[in-house]
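What follows is the residue order along each chain.
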Amino acid sequence: MSHESAIRTPKQLVAAVVGFFAVTIIGIVLLVQFVTQEKLTGAGSESQTAEAVAARLKPVADNGFTLKDVNAPKVLQTGEAVYTATCAACHGTGAAGAPKVGDAGAWGARIAQGYDTVVKHALEGLRAMPAKGGNPDLDDVEVARAVVFMANKSGGKFKEPEVKQAAPAAEAPAAAEPSKG
């Protein structure tokens, strides 16, 4: 048995080559159509939409910040609120040697020093703890309230500090009458 090719004439060879290229090109066209039919989604595909551009151009200060009226009377926070916002980072975890709230053993010696000493340490700072726990915006009464909150949760019996009322402003003297002359 001899092996013979199916292509016997030059005309058949040209037809086979053209057919091969035609099938290849049709396959590529169909593959491109298949791939581009669906909208492609992926990293950065929505980056040029109007909403995405507006979000990138929006000032950073618009993200969660509110303007504060510095002339408004200060509303003092509770001890628990101050603890949660400022003190819990260290006194909740024991970071940097801070006594954990609820650990009567760690707080016992501090509570024994008395209310005034513990509050003084909180206001001025002690060892790794910065003054006012690192929040200079806190009022002294707020720091004292936080100390009372933490100490009482840890076995202390401190009383909540009293808020001193500001003295009423002196009335302005009456305008002097113009002299007649």
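Residues numbered from 1 in each chain as written. Predicted model: local features only at pLDDT ≥ 70, side-chain atom pairs only at ≥ 80, totals over all residues. Heavy atoms only, no water.

1. Quick look at the overall build of the protein chain
So, step 1. Across its full length, the protein chain holds 6 helices and 0 strands.
So, step 2. Secondary structure of the protein chain in N-to-C order comes out as α-α-α-α-α-α.
So, step 3. In the protein chain, which comprises 181 residues, the proportion classed as buried is 17%.
So, step 4. Of the contacts made within the protein chain by residues no fewer than 6 positions apart, 50% connect residues no fewer than 24 positions apart.
So, step 5. Just so you have it, the protein chain exposes about 14400 Å², and 61% of that area is on carbon and sulfur atoms. (Helix = DSSP H or I, 4+ residues; strand = E, 2+ residues; numbered from the N terminus. Buried < 20%, exposed > 50% of the residue type's maximum accessible area, 1.4 Å probe, protein only. Contact = heavy atoms within 4.5 Å. Areas by Shrake-Rupley, 256 points an atom, 1.4 Å probe, with all protein chains shown as cover.)

2. Points about the layout of surface pockets
So, step 1. Taken as a whole, the largest pocket spans an internal volume of roughly 610 Å³.
So, step 2. For the largest pocket, the lining is made up of 28 residues, of which His91, Ala98, Pro99, Leu126 and Met129 are closest to its centre.
So, step 3. At the level of elements, helix H3 (79–91), helix H4 (104–112), helix H5 (115–124) and helix H6 (140–153) are the ones that each hand at least two residues to the lining of the largest pocket.
So, step 4. Class assignment of the residues belonging to the lining of the largest pocket gives a composition of 19 nonpolar, 6 polar and 3 charged.
So, step 5. The space that makes up the second largest pocket amounts to roughly 220 Å³.
So, step 6. Taken together, Lys68, Asp69, Val70, Ala72, Pro73, Lys74, Val75, Gln77, Asn135, Asp137, Leu138 and Glu142 make up the lining of the second largest pocket.
So, step 7. Tallied by class, the residues present in the lining of the second largest pocket amount to 5 nonpolar, 2 polar and 5 charged. (1 Å grid on protein atoms, 1.4 Å probe; cavity = no way out; pocket = protein on both sides within 12 Å on 5 of 7 lines; lining within 4 Å. Points joined across faces, edges and corners; volume = space filled by probe spheres on them. Nonpolar A, V, L, I, M, F, W, Y, C, P; charged D, E, K, R; others polar.)

3. Things to note about the nonpolar core
Burial of nonpolar side chains together is a common tendency in soluble globular proteins.
So, step 1. The biggest cluster of nonpolar side chains holds 18 residues, and the ones touching the most others in it are Cys87 and Met150.
So, step 2. Taken together, the elements giving at least two residues each to this core come down to H3, H4, H5 and H6.
So, step 3. Top contributing element to this core by residue count: H6, with 8 residues. (Core = buried A, V, L, I, M, F, W, Y, C linked by side-chain atoms within 4.5 Å.)

4. Thoughts on the state of the cysteines
So, step 1. Enumeration over the complete set of coordinates arrives at 0 disulfides.
So, step 2. Free of any disulfide, cysteine 87 has its nearest cysteine sulfur in cysteine 90, 8.9 Å distant. (Disulfide = S-S within 2.5 Å.)

5. So, a nonpolar patch on the surface
So, step 1. A cluster of nonpolar residues, Ile7, Leu13, Val17, Phe20, Phe21, Ile25 and Val29, forms a patch on the protein surface that exposes about 660 Å² of accessible area.
So, step 2. Along the chain, the position of leucine 13 falls in helix H1 (residues 10–36).
So, step 3. Note on leucine 13: relative accessible area 46%, which makes it partly exposed. (Patch = residues over 30% accessible without salt bridge, like charges linked within 9 Å, V, L, I, M, F, W, Y side chains within 5 Å. Salt bridge = Lys/Arg side-chain N within 4 Å of Asp/Glu carboxyl O.)

6. Points about unusual backbone geometry
Phi is mostly negative for residues that are not glycine, and the peptide bonds are mostly trans.
So, step 1. The residue alanine 96 is not glycine, and still its phi comes out positive at about 55°.
So, step 2. According to the relative accessible area criterion, alanine 96 is exposed, its value standing at 66%.
So, step 3. Its identity as a non-glycine residue notwithstanding, lysine 132 has a phi of 55°, on the positive side.
So, step 4. On the secondary structure map, lysine 132 appears in the loop between H5 and H6.

Just geometry here; none of it tells us what the structure is for.
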